[in-house]
Amino acid sequence: MSDAAVLSIETPAPVEAGGVSRRAWYGYLALALGSFMAVLDIQIVASSINEIQVGLSASIDEIQWVQTSYLIAEVIAVPLSGYMARMLSTRVYYVISALGFTLASAACAGSWSLGSMVVFRAIQGLFGGGMIPTSFATMFLLFPAGKARGTAQVIGGMMTMMASSLGPTIGGYITQHMSWHWLFLLNFIPGTLCAVLVWKLIDIDRPQPEMWRRMDIPGLAFMAIFLGTLEYTLDDGPRHDWFSQQSVAICASLAIVSGVLFFWRVLTTDHPIIELHAFRNRNFAASSMISTLLGVCMFTLIYLTPIFLGQVRGYNPQQIGDIMMIQGVSMFLSAPIAGRINLTWDPRAVILLGLGLIGTGTWLNGHMTDQWGFAQFALPQALRGAGFIFSFIPITNLAIGTLPSSDVHNASGLFNVTRNIGGAIGLALVSTLINHATWANWQALAESTRLSREPVREALGSMSSALAPTMGDASHGGAIAMLARMVEQQAATITYNDMYQLLTWVVLLAMLAVPLLQRPRHGTSGELGH
């Protein structure tokens, strides 16, 4: 018997006038809360990694495993979530994921060494990775096409995107006023609450125990090795000059071999661990391509802005968080507008509008100076916040909302993993380019600041005179150090401008893929023919 035949979708009762019960809405809000916490946990920890390093007495290279272990586990769990949700039922799998994520968060807060933290973070990522795609899939199963689904998409999209934007803000506040342990303890109450509410309110399908017996263990092993080693290669490669580091070279080789074996297994076995036939749907394939490019932009922009503010402007975590919060506020304010136009406009036009706003905001950042602060970042951040909401809602709907209900869980996992892989590729590319471009820009500026040039000697003389009252005979050395710092800042600023301009081209590439999308025949969320 096929998976489609045994999947049973039930409508929670009682049903209100709008066609959807209060129980369904409360259950969905609980799902969205858990998804918000899982996404938030990536950025909130990334913004406070230095404080965790000090607390665990780890080196700079060692502490990176706190993030790497989470990301590796998450990227494996996301595509696997579709199989697990069908096998256990949506309710059971989500509750297990939420409770596992919550308990792992508490364990992270109590970590006594780097090793224990890495293990608990991997467990946290494994469970957290199951919550995000499951909440999206359940949204399409709970709500019929039309206004109810549109509202649910606005809520889900807003919470997911805001979690990424608000992570540095919340992390910065906790870092400034509390200990790093609260980065993880913050998850305990909402995680427990969403598990209890989902158990009581969500019951949309039945478990399929026969899937236990036919689980493709070799396919699961190939997938885990492929995605895990790929994530490690992309995450650690830029920090270790790529293949000059033996572990990166080995993992890259394993990713290639296991990737070939995984796709061979998926295409030849009767019951693959992940179904790829969703890619036969034109909208799903094109949407996944655009989602990958959006992942490149979203994750890389969240990475670039804080390090520019910290490295060039010398901002503390809370000041960085204040600027990053502009994007989150913009998302919140734009969400109702996005939901309304998504019901009436051609979804492809909404996607183009969103991508245009993202591209404009990113292009503006490509013309920064080393004096940019809150006022200058406000407009680019606001444009990108609105743009991500405008593009994310219709692209998700076109990808998953046009598939039969039996494919939704599996497709949601695939769709979410494209964004994660896009983010990993973007971060790896930009991290590598930053290192090389900064050195090249520094060398170019160093040529123009040679002491043999008269304007340079005059500038040093002016700086020495200004420093003389406080530094005395050391004023000349202080002036040289000040000039070196200025050159370093300018080289970094030019580099970050180049990175923002590169991401603008990525957005333009995503816009060129929009015409590949096909508008649903019945409104904005009807099904395409299969």
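Cut-offs applied
- Residues numbered from 1 in each chain as written.
- Predicted model: local features only at pLDDT ≥ 70, side-chain atom pairs only at ≥ 80, totals over all residues.
- Heavy atoms only, no water.
- Helix = DSSP H or I, 4+ residues; strand = E, 2+ residues; numbered from the N terminus.
- Areas by Shrake-Rupley, 256 points an atom, 1.4 Å probe, with all protein chains shown as cover.
- Salt bridge = Lys/Arg side-chain N within 4 Å of Asp/Glu carboxyl O.
- Buried < 20%, exposed > 50% of the residue type's maximum accessible area, 1.4 Å probe, protein only.
- Patch = residues over 30% accessible without salt bridge, like charges linked within 9 Å, V, L, I, M, F, W, Y side chains within 5 Å.
- 1 Å grid on protein atoms, 1.4 Å probe; cavity = no way out; pocket = protein on both sides within 12 Å on 5 of 7 lines; lining within 4 Å.
- Points joined across faces, edges and corners; volume = space filled by probe spheres on them.
- Nonpolar A, V, L, I, M, F, W, Y, C, P; charged D, E, K, R; others polar.

A. Representation of the overall build of the protein. A tally of helices and strands in the protein yields 20 helices and zero strands. As displayed, the protein has an accessible area near 21500 Å², and 67% of this comes from carbon and sulfur atoms.

B. Structural context of the pattern of salt bridges. One pass over the full model with this rule turns up four salt bridges. The partner of arginine 265 in a salt bridge is aspartate 216, and the shortest N-O contact between them spans 2.9 Å. Of this pair, arginine 265 sits in helix 13 (residues 246-268) while aspartate 216 sits in the loop between helix 11 (210-213) and helix 12 (217-236), and the two are 49 residues apart along the sequence. A relative accessible area of 23% places arginine 265 in the partly exposed class. Between arginine 348 and aspartate 346 there is a salt bridge; the shortest N-O distance is 2.7 Å.

C. Focus on a nonpolar patch on the surface. Nonpolar side chains collect at one region of the surface, where Ile256, Val257, Val260, Leu261 and Trp264 lie side by side and expose about 490 Å² of accessible area between them. Mapped onto the elements, valine 257 comes out in helix 13.

D. Highlighting the layout of surface pockets. Volume-wise, the largest pocket comes out at about 1400 Å³. For the largest pocket, the lining is made up of 46 residues, of which Ala46, Ile49, Gln64, Tyr303 and Ile307 are closest to its centre. The leading source of residues in the lining of the largest pocket is helix 18 (residues 408-448), at eight residues. Of the residues in the lining of the largest pocket, the class split is 23 nonpolar, 17 polar and six charged. Size it by volume and the second largest pocket reaches roughly 240 Å³. Around the second largest pocket sit 14 residues that line it, and Phe226, Phe263, Leu414, Val417 and Ile421 are the ones nearest its centre.

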